[in-house]
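Descriptive analysis of the structure
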Amino acid sequence: MKVKVLVFAHIKEIVGSEVIEMDLPDEPRGSEIISKLVDDYPDISPQKHSLMLSMNGEYIGWDDLLIANSEIAVLTPVSGG
Amino acid sequence: MFEITDNPIDINEMVSKVSSPKAGGIATFIGVTRNFTGDQKVDYLFYEAYHKMALIQMEKIGQMIKDKYPVLKVAITHRLGRVDIEEASVIIAVSASHRASAIEACHYAIDILKDLVPIWKKEFMLDGSEKWIANRPKGNESK
């Protein structure tokens, strides 16, 4: 399953782009995105355990199944306000 | 009632948005840029958002507030881009028939905004350094 993953802020700076295309096995779980991201961009690994995921604007867990054609994003801990 | 803007936020406009003949009080919270973090001097802050999700989460916060407190209207605007010292990055306005609800709901709103809304702040220091900031984990008192 091809997935477009949005990234922001610090991760976006490390990646050098705000969208990453990933080719994942079918019925992927959130954790597969995290693992692939950290493998492809080792500079992210110190932050790995703080990363969060969202699907269509709602937070999801690392163990949740990703639904095809959803908008997926990897988020660092937020700091608005 | 929930907005993200690249421009300075107008407090009077925020108050007007929540004004109601049934209101006995309007509480506001203004988050501003301060000139220090720990013992370092801040030059300015820069905010970035996951725009679409930030609006979804802000709408959700509006609903969470209404589920928890008897309030009339809630308005939240967050600014993005460069925000200089003493300028507002976020303004929350809440109207309620009774003051306690307005004040408590406003306090609750800023706390959950800091937990849920996908907006990130980068600190630019006077010494030329820069750093992305993470709010403290949920449940931590000193935000």
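Just so it is clear, the model here is predicted, and its values are computed rather than measured.

Things to note about the interface of chain A and chain B
- Counting residues at the interface gives 14 residues for chain A and 22 residues for chain B.
- Of all the secondary structure elements, the ones that give two or more residues to the side of chain A that touches chain B are helix 1 (9-15) and strand 5 (72-75) of chain A.

Re the sheet that holds strand 4 (residues 58-60) of chain A
Residues and elements named next belong to chain A.
- On the basis of which strands lie adjacent, the open sheet formed by five strands has the order 2-1-5-3-4 and mixed pairing. The open sheet has two edge strands, strand 2 (19-23) and strand 4, and neither has a second partner. Between one strand axis and the next, the sheet turns through 35° on average, direction left out of account.
- The sheet contact formed by strand 3 (residues 52-55) and strand 4 spans three bridges and is antiparallel. If you follow S54 over to strand 4, its bridge partner there is Y59.
- Relative to strand 5, helix 2 (residues 30-40) is tilted by about 60°, and along the sheet it contacts strand 1 (2-7), strand 2, strand 3, strand 4 and strand 5.

Describing unusual backbone geometry
Residue and element names in this part refer to chain A.
- We note that A9 has phi near 50°; this positive angle belongs to a residue other than glycine.
- For A9, the position within the fold is in helix 1.
- Residue A9 is classed as buried on the basis of its 26 C-beta neighbours within 10 Å.
- Of note, N69 is a non-glycine position whose phi angle comes to about 65°, a positive value.
- Tracing the backbone through its elements, the reader meets N69 in the loop between strand 4 and strand 5.

Some remarks on the sheet that holds strand 7 (residues 88-96) of chain B
All names here are of chain B.
- What the four strands build is an open sheet, ordered 1-5-7-2; its pairing is mixed. A strand with exactly one partner marks an edge of an open sheet, and here the two such strands are strand 1 (2-5) and strand 2 (25-32). Strand-to-strand, the axes of this sheet are offset by a mean angle of 10°, without reference to chain direction.
- Inspection of the sheet shows strand 1 paired to strand 5 (residues 71-79) by four bridges, in the parallel sense. The residue of strand 5 that forms the bridge with E3 is T77.
- Lying on the sheet, helix 2 (residues 51-68) is in contact with strand 1 and strand 5; it crosses strand 1 at an angle near 145°.

Structural notes on the environment of B:K52
All names here are of chain B.
- Inspection of the secondary structure assignment puts K52 in helix 2.
- Judged by local crowding, K52 falls into the partly exposed class, with 16 C-beta atoms found within 10 Å.
- Sequence separation of K52 and I4 is 48 residues, and the distance between their C-alpha atoms is 9.8 Å.

A short note on the packing of helix 2 of chain B against helix 3 (residues 99-116) of chain B
All names here are of chain B.
- The interhelical angle for the contact between helix 2 and helix 3, taken along N-to-C directions, is 145°, at an axis separation of 10 Å. When you trace helix 2 past helix 3, the crossing you get is right-handed. Side by side, helix 2 and helix 3 meet where Q57, I61, M64, I65 and K68 of the first sit next to A105, Y108, A109, I112, L113 and L116 of the second.
- Split into classes, the residues belonging to the contact of helix 2 with helix 3 amount to nine nonpolar, one polar and one charged.

Description of the confidence of the model for chain B
Residues and elements named next belong to chain B.
- Chain-level statistics for chain B give a pLDDT mean of 94 and a share of 94% at 70 or above.
- Considering only residues more than four positions removed or in separate chains, one finds that residues 138-143, a stretch of pLDDT under 50, has five contacts.
- In the predicted complex, the global pTM is 0.93; the interface-specific ipTM is 0.95.

Rules of the game
Residues numbered from 1 in each chain as written. Chains lettered and ligands numbered in written order. Predicted model: local features only at pLDDT ≥ 70, side-chain atom pairs only at ≥ 80, totals over all residues. Contact = placed C-beta atoms within 7 Å. Helix = DSSP H or I, 4+ residues; strand = E, 2+ residues; numbered from the N terminus. Pairing = 2+ DSSP bridges. Axes fitted to C-alpha atoms, helices over the stretch in contact; angles between N-to-C directions. Buried ≥ 20, exposed ≤ 12 C-beta atoms within 10 Å, placed from the backbone. Left-handed = near helix turned anticlockwise from the far one by under 90°. Nonpolar A, V, L, I, M, F, W, Y, C, P; charged D, E, K, R; others polar. pLDDT = per-residue confidence, 0-100.

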